[in-house]
Amino acid sequence: MPFSNSSDPSPSFLLASLPGLEAAQGWMAIPLCCAYVLALAGNCAVLLVVRAEPGLHAPMYFFLCMLAAIDLALATATVPRVLSFYWLGSREIGFGACLLQMFLIHTLSAIESTVLLAMALDRYVAICHPLRHAAVLTNAATAKIGLLAVARGVLFFLPLPLLLLPLPFCGSRALSHSFCLHQDVMNLACANTTPSVVYGLTAILLVMGLDAVLICLSYLLILKAVLRLPAWRERLKVFSTCIAHVCVVLAFYVPLIGLSVVHRFGKDLAPLVHIIMGNIYILVPAVLNPIIYGVRTKQIRRRILSLIHVSDR
């Protein structure tokens, strides 16, 4: 039967189950749970280490703390609900809860994209204008950038659930993922979704798309400055300070692009592909970011090793 949020007091959607593997979902959820625990442990460790180490109280590491907090929030907004479905069988999610989860996912992703752009700016100023770095990226400026990132994400993506709120939904209530995404929910509406489509695409292009272009531009300028250095050893030493950030950028944008391609061109793909790509998009950055910076940053690595009573040899 058709259902509408205007007439039904409790409309709901059905989270995507693993096709053909419903009986084994409890076991399939174990790797997902392990990845979530790893993400929690890694990002919490980064936050604690940066707080405890005065030598890490610098813009680059404050931005890293912002990434860790965002990844914690994004994973917590999705994974526990997925695990409750896989282990407890609670597949149904209410309309309001779905819109809230959708808003959090897109807003937190936009905030993370902005922080990655700010980190690229930090690397650009540090390499191309080192004498101005301390004056440009002060602790106060870093805090303002963080607040701007939050405001930008909220302002751009708050209209997404508001545009879906008055729409009627009918027919299938089954989502393509184990959590709520804008395009997935929008496709279930039985009304004109053109305003939602246009605004969603515009928001993505003006936030993630613009950020990606500016990050690429900053690294072109960094590469230009590095190539001016006389010795190859010096070039490698300078550019090595950017390797961790480049890896984090790839860990964020590659799953994002992959998920977008699957939504746009993967209608004939197996449903399992959509579910796997969605989980990768949520968990890969949260798991990899602390590992990447833990490996590349000696202070973080030593502190974490000392916490688990292992000496750094």
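Residues numbered from 1 in each chain as written. Predicted model: local features only at pLDDT ≥ 70, side-chain atom pairs only at ≥ 80, totals over all residues. Heavy atoms only, no water.

As annotated in an unreviewed UniProt entry, the protein chain carries the name Olfactory receptor and comes from Pteruthius melanotis. Annotation of the protein chain in UniProt includes, under Sequence similarities (unreviewed entry), the sentence "Belongs to the G-protein coupled receptor 1 family." (UniProt positions renumbered as here; feature names shortened; annotations may be inferred.)

As a further point, take the state of the cysteines. On inspection of all chains with the given rule, the structure shows 2 disulfides. Shown here is the disulfide that connects Cys-98 with Cys-180, its sulfur atoms set 2.0 Å apart. Because the sign of the S-S torsion sets the handedness, a value of about -120 degrees for the bond joining Cys-98 and Cys-180 places this disulfide among the left-handed ones. Note that Cys-98 is positioned in helix H3 (residues 95–128) and Cys-180 in the loop between strand E4 (168–169) and helix H7 (182–186), a separation of 82 residues in sequence. Judged by its relative accessible area of 0%, Cys-98 is buried. Assessed through its relative accessible area of 0%, Cys-180 is described here as buried. The disulfide partner of Cys-170 is Cys-190, and the S-S distance across this bridge is 2.3 Å. (Disulfide = S-S within 2.5 Å. Helix = DSSP H or I, 4+ residues; strand = E, 2+ residues; numbered from the N terminus. Buried < 20%, exposed > 50% of the residue type's maximum accessible area, 1.4 Å probe, protein only.)

Let us look at the side chain of Ser-178. Summarising the element assignment, Ser-178 is placed in the loop between E4 and H7. Of the polar contacts made by the side chain of Ser-178, one reaches the backbone oxygen of Ala-16; its length is 3.3 Å. A distance of 3.0 Å separates the side chain of Ser-178 from the side chain of Tyr-86, its partner in a polar contact. If we skip the residues at most four places from it in the chain, Ser-178 touches Leu-15, Ala-16, Val-82, Tyr-86 and Ile-275. (Polar contact = N/O pair within 3.5 Å; in protein donor to acceptor, adjacent residues only side chain to side chain. Contact = heavy atoms within 4.5 Å.)

Attention now moves to the side chain of His-106. Its place among the elements puts His-106 in helix H3. Apart from residues no more than four positions distant in its own chain, His-106 is found in contact with Phe-157, Leu-160, Leu-181, His-182 and Met-208.

This next bit is on the UniProt feature "transmembrane region" (unreviewed entry) in the protein chain. As annotated in UniProt, the feature "transmembrane region" (unreviewed entry) corresponds to residues 27–49, 61–87, 93–121, 133–158, 197–222, 243–266 and 272–295 in the numbering used here. Secondary structure across residues 61–87 divides into 100% helix and 0% strand, with the first and last C-alpha atoms of the span separated by 37 Å. Annotated as 100% helix and 0% strand, the span residues 197–222 places its first and last C-alpha atoms 36 Å apart.

A water-sized probe, rolled over the atoms, reveals where empty space remains. As a volume, the largest pocket reaches approximately 830 Å³. If you trace the largest pocket, you find 29 residues lining it, with Gln-183, Leu-201, Ile-204, Ser-260 and His-263 closest to the centre. Only H3, H7, helix H8 (194–227) and helix H10 (243–265) provide two or more residues apiece to the lining of the largest pocket. The residue makeup of the lining of the largest pocket, split by class, is 17 nonpolar, 10 polar and 2 charged. A volume near 300 Å³ is recorded for the second largest pocket. Elements represented by at least two residues in the lining of the second largest pocket include exactly helix H1 (25–52) and helix H11 (271–296). With 8 residues, the top contributor of residues to the lining of the second largest pocket is H11. (1 Å grid on protein atoms, 1.4 Å probe; cavity = no way out; pocket = protein on both sides within 12 Å on 5 of 7 lines; lining within 4 Å. Points joined across faces, edges and corners; volume = space filled by probe spheres on them. Nonpolar A, V, L, I, M, F, W, Y, C, P; charged D, E, K, R; others polar.)

In total, this model carries 3 salt bridges according to the counting rule given. Note that Asp-122 is salt-bridged to Arg-123, the shortest N-O span being 2.9 Å. Residue classification places Asp-122 among the buried residues on the basis of a relative accessible area of 1%. Overall, the relative accessible area of 11% leaves Arg-123 in the buried class. (Salt bridge = Lys/Arg side-chain N within 4 Å of Asp/Glu carboxyl O.)

In a regular helix each residue adds 1.5 Å, so 26 residues correspond to 38 Å; H11 covers 37 Å between its end C-alpha atoms and thus fits that length. Leu-283 marks the point of greatest bend in H11, at about 35 degrees, and the proline Pro-285 comes within the next four residues. (Expected span 1.5 Å × (residues − 1). Bend = angle between axes of the 7 residues up to and from the residue.)

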